[in-house]
Amino acid sequence: MAILLSVVPSHSPIFWSCVGVYADVIKLLSPSKRLQRLAEEIARYSRRPPETPEQALVRRMDEAETLTEYESCTVDLDKLQGHEAWKQEKDSIEPGYNPEIIEKQMVRLKHAVIDQDRGALEYILRTGLSRDLGGMNSLRLYKHSWFGTKKLIDEYIETVLQSVETFSETSSRNDIPTTEVRLHQQSLEDALKFFGRSALTLSGGALLGMKHVGVVKTLWEAELLPEIISGASAGSIVAGIVGSSTDERMEEVLERFPFSDLAVFDPPGTGRIGWAKHRIGTLLRTGAFFEMDNLKKVMKTWLGDITFREAHYKTGRVVNICVSSAGSAEPRLLNFVTAPDVFIWSAVCASCAVPWVFSPANIYEKDPITKEEKLWMQNAQQTFVDGSLDHDIPMRKLSEMFNVNFFIVSQVNPHVRVFLDQEEIFRGKQPAAPVPSRYPFQATKEYVRREVIHRAQQFADLGISRRLYRWTSLFNQQYTGDINILPDIRPSEYLNMMMNPTSEFMLRAIVAGERATWPRMCRIKNCVAIELALTEAIYTLRDRVNFGPEARAAREQKRSSSRGRSGRGRSARPSFLRRRSLSIESPVDGENGPPSPLRVRRNASLGSISLRQGLPLTTPPRTTPYLSPQVGIEQDIFADALAMTSVNSQPLNGSLTDSHVLEV
């Protein structure tokens with residue numbers, strides 16, 4: 001062994017191969033059992049050589065517990081494997097990627113920032129921003145390295161952020177008139193409108209939907225959580241709770257999630273015998289396996305009686321809940337626009353009403369007058385079922401309502417994951433082909449999906465009831481977006497999808513959601529950061545308009561001019577005691593002056609209208625006044641009120657006279 005160590009270095013694979021062979025010889029020839037066991041251990045260890053630096057970094061990356069640890073490992077891997085050289089290069093093999101366009105736009109922004117040219121900044125921000133400028137949003141540009149993409153793209157994003165900040169600071173100075181600040185605010189709002197908005201959509205998936213909490217937590221901690229959040233079925237639970245929580249309470253809500261009461265299927269503490277008893281009783285009574293009361297109780301505990309409109313006013317976020325009609329295939333998206341007074345807990349219960357798992361549910365809203373609970377769309381007499389049935393990811397509705405053109409999708413639906421194409425994964429080797437290769441199995445899955453849709457269309461053409469093939473709508477949807485987050489799912493988790501989540505499962509689910517989000521954070525940041533910067537700048541300019549020096553001076557002037565006003569002036573009179581501008585008599589010039597006749601012109605549009613003869617068109621004299629004496633009303637004011645109510649009626653002889661016609 002000493003001779004072997006002197007000839008071959010100990011870190012060489014040849015060395016450990018020789019050690020293994022030497023240990024096998026000792027194990028076969030040694031008469032001692034103890035020596036044979038020792039040689040066997042040495043031989044087993046020699047066949048497991050020590051980790052290389054790359055293997056150690058990969059292992060640390062897989063075992064990382066925070067986003068900071070993960071990113072540190074990926075940066076070191078890029079340096080070790082030489083991927084930094086590709087980042088510094090300007091060109092790449094991806095079709096559609098045009099670095100010259102990106103560089104040209106970046107140079108224009110830099111010059112405008114250096115010169116503090118608000119006009120140039122306003123023009124470029126309003127007309128030149130795009131998520132896919134020069135093909136910079138291509139997915140494959142993020143498959144050449146462990147962390148990030150081209151330095152040119154990162155530099156462009158930072159330049160845009162600096163430009164937005166500079167424009168906001170120079171436009172909100174105190175020496176700029178409020179009218180000009182308002183115009184700059186409108187320019188940024190137009191820029192955001194043209195740039196588009198992003199949305200986080202959370203799919204269904206029963207118990208697997210709790211993995212969405214880890215996705216939301218990662219985006220929230222990185223300050224990249226979009227304002228528009230949508231959820232269907234199990235995803236609606238997370239969307240409803242997160243979307244109705246303020247920024248101050250978000251951290252508390254995310255920490256509380258794993259240890260809260262989430263017994264949505266059965267009451268807490270239900271054993272196996274009790275579970276079977278409940279299932280049989282519920283099935284015989286309602287035709288479904290589970291009661292909606294448990295889910296309703298959990299959601300009311302989390303959300304209370306908050307409505308979509310109240311949640312939007314409270315947090316500034318837009319909560320969207322997908323529901324499906326039990327009698328038709330028309331999808332519905334509930335939010336503060338389409339259902340402002342609907343209780344969020346009620347919408348979540350309807351979105352989770354999976355057919356045969358829960359009974360179809362009603363949706364309830366808050367009465368705007370009495371504040372009591374009442375049935376939503378009572379005249380329509382509709383019930384609602386699982387939102388994933390017709391639109392698990394409501395892209396079309398969100399695009400139409402809120403100008404969303406970028407979708408971050410967290411997908412855990414088990415029947416969807418089977419048919420999704422596997423996203424290209426970077427394993428340390430840069431791709432050599434311009435486009436990823438397509439495997440035969442992916443083409444087979446696409447063929448099966450199209451065949452199901454074709455057979456469903458044949459059923460519809462034959463006039464068969466849609467209820468018999470309603471499940472085919474699950475295949476006729478788009479389940480992916482611009483960035484797809486696919487948390488890992490263990491095979492054993494499929495067997496417990498209809499069980500109440502435990503704290504241990506929730507902690508594992510949150511970690512799975514976090515780890516699935518980390519590899520996509522660089523692309524999410526590059527695609528969302530500009531939008532969030534524009535939103536923040538708009539809020540800054542809006543505060544300057546509403547609370548700036550001119551606004552404060554105007555409020556002070558209005559407050560000072562209202563001081564010392566007589567309490568018995570004309571404006572102090574009740575509105576029902578004031579003279580109307582269009583009455584039979586004109587306003588009085590003095591306190592006791594006689595009224596002058598009101599000059600009116602004939603309305604030409606009424607000249608050809610004739611009234612039927614013999615109709616009793618005379619107005620009978622009123623026997624009781626409109627007002628009765630009240631305490632606290634002076635007699636002269638009360639007399640004026642009575643004079644206004646008395647009208648000298650005259651008969652109309654078949655036509656309208658000039659003295660009784662007013663031109664509108």
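Note that the structure is predicted; figures quoted are calculated from it, not measured.

A closer look at the overall build of the chain
When helices and strands are tallied, the chain shows 24 helices and nine strands. Out of the 664 residues belonging to the chain, those deemed buried represent 42%. Contacts in the chain between residues at least 24 apart in sequence constitute 77% of all its contacts with a sequence separation of at least 6. Accessible area for the chain stands at about 37,500 Å²; split by element, carbon and sulfur atoms hold 55% of it.

Considerations on the pattern of salt bridges
Within this structure, the stated rule accounts for 24 salt bridges. Residue K110 is joined to E155 by a salt bridge in which the shortest nitrogen-to-oxygen separation is 2.6 Å. Note that K110 is positioned in helix 7 (residues 99–114) and E155 in helix 9 (residues 151–171), a separation of 45 residues in sequence. When the shortest N-O distance is used, the salt bridge between D190 and R126 registers 2.6 Å. One end of the pair, D190, is in helix 10 (residues 178–195); the other, R126, is in helix 8 (residues 118–127), and 64 residues separate them in sequence. Residue classification places D190 among the buried residues on the basis of a relative accessible area of 8%.

Notes on a nonpolar patch on the surface
Side chains of V21, V25, L28 and L29 sit close together on the surface and give an oily, nonpolar patch of about 440 Å² of accessible area. Relative to the helices and strands, V25 resides in helix 2 (residues 13–29). The exposure class assigned to V25 is partly exposed, which follows from its relative accessible area of 42%.

Digging into the packing of aromatic side chains
Counting across every chain of the model gives 10 aromatic pairs. When the centroid spacing of 6.1 Å and the interplanar angle of 15 degrees are considered together, the rings of F265 and F358 count as stacked. Separated by 93 residues along the polypeptide, F265 in the loop between helix 13 (247–256) and helix 14 (272–286) and F358 in the loop between helix 17 (344–351) and strand 5 (364–366) bring together distant segments of the chain. For the pair F265 and F358, a shared accessibility class is recorded, and that class is buried. Clustering of aromatic rings is evident, with ring pairs tying together F265, F290 and F358. Its end group placed over the ring of W302, R256 keeps NZ or CZ at 4.1 Å from the ring centre.

Regarding the side chain of E94
Within the fold, E94 resides in the loop between helix 6 (84–88) and helix 7. Note on E94: relative accessible area 4%, which makes it buried. Side-chain polar atoms of E94 contact the side chain of S92, separated by 2.3 Å. Of the polar contacts made by the side chain of E94, one reaches the side chain of H144; its length is 2.7 Å. The residues touching E94, leaving out its near neighbours within four places in the chain, are S138, R140, L141, H144 and P434.

Observations regarding unusual backbone geometry
Phi angles above zero are rare outside glycine, and A206 is one such case at about 55 degrees. In this fold, A206 is placed in the loop between strand 1 (197–202) and helix 11 (212–221). Not every positive phi belongs to a glycine, and E223 is a case in point at roughly 60 degrees. Here E223 shows up in the loop between helix 11 and strand 2 (228–232). Overall, E223 belongs to the exposed group, its relative accessible area being 66%.

Points about the UniProt feature "active site" (unreviewed entry) in the chain
Residues annotated by UniProt as "active site" (unreviewed entry) correspond here to S233 and D386. What stands out for the annotated residues spanning 154 residues is how close their C-alpha atoms remain, the widest pair being 5.8 Å apart. Along the chain, S233 falls in the loop between strand 2 and helix 12 (234–243). For S233, a relative accessible area of 7% translates into the label buried. If sequence neighbours within four positions are ignored, S233 has contacts with G204, S351, C352, V354, D386 and S388. Mapped onto the elements, D386 comes out in the loop between strand 7 (384–385) and helix 18 (395–402). Assessed through its relative accessible area of 9%, D386 is described here as buried. Apart from residues lying up to four places away in sequence, D386 is in contact with S233, S324, A350, S351, A353, V354 and P355. At a separation of 3.1 Å, a polar atom in the side chain of D386 contacts the main-chain amide nitrogen of S388.

Let's talk about the confidence of the model for the chain
Averaged over all residues, the pLDDT of the chain equals 79, while 76% of them reach at least 70. At the level of individual helices and strands, the chain shows its lowest average pLDDT in helix 1 (residues 2–7), which scores 46, and its highest in strand 1, which scores 96. Low pLDDT, under 50, characterises residues 645–664; the stretch is placed with 23 contacts to residues that sit more than four places away or in other chains.

A look at the pairing of strand 3 (residues 318–325)
Within strand 3, eight of the eight residues are buried, which leaves the element mostly enclosed by the surrounding structure. Residues V318, N320, C322 and S324 line one face of strand 3 and the alternating positions V319, I321, V323 and S325 line the opposite face, and both faces are buried. In this structure, strand 2 lies alongside strand 3, joined through five bridges in parallel fashion. From the neighbouring strand, G231 faces strand 3, where its bridge partner is I321. Judged from the four bridges that link them, strand 3 and strand 4 (residues 331–334) form a sheet pairing that is antiparallel. The residue of strand 4 that forms the bridge with V323 is R332. Two elements, strand 3 and strand 7, share two bridges in a ladder whose sense is antiparallel. Considered in strand 7, the bridge of S324 is made with V385.

Rules used throughout
Residues numbered from 1 in each chain as written. Predicted model: local features only at pLDDT ≥ 70, side-chain atom pairs only at ≥ 80, totals over all residues. Heavy atoms only, no water. Helix = DSSP H or I, 4+ residues; strand = E, 2+ residues; numbered from the N terminus. Buried < 20%, exposed > 50% of the residue type's maximum accessible area, 1.4 Å probe, protein only. Contact = heavy atoms within 4.5 Å. Areas by Shrake-Rupley, 256 points an atom, 1.4 Å probe, with all protein chains shown as cover. Salt bridge = Lys/Arg side-chain N within 4 Å of Asp/Glu carboxyl O. Patch = residues over 30% accessible without salt bridge, like charges linked within 9 Å, V, L, I, M, F, W, Y side chains within 5 Å. Phe/Tyr/Trp six-rings, centres within 6.5 Å; stacked < 30°, edge-to-face > 60°. Lys NZ or Arg CZ within 6 Å of the ring centre and 35° of its normal. Polar contact = N/O pair within 3.5 Å; in protein donor to acceptor, adjacent residues only side chain to side chain. UniProt positions renumbered as here; feature names shortened; annotations may be inferred. pLDDT = per-residue confidence, 0-100. Pairing = 2+ DSSP bridges.

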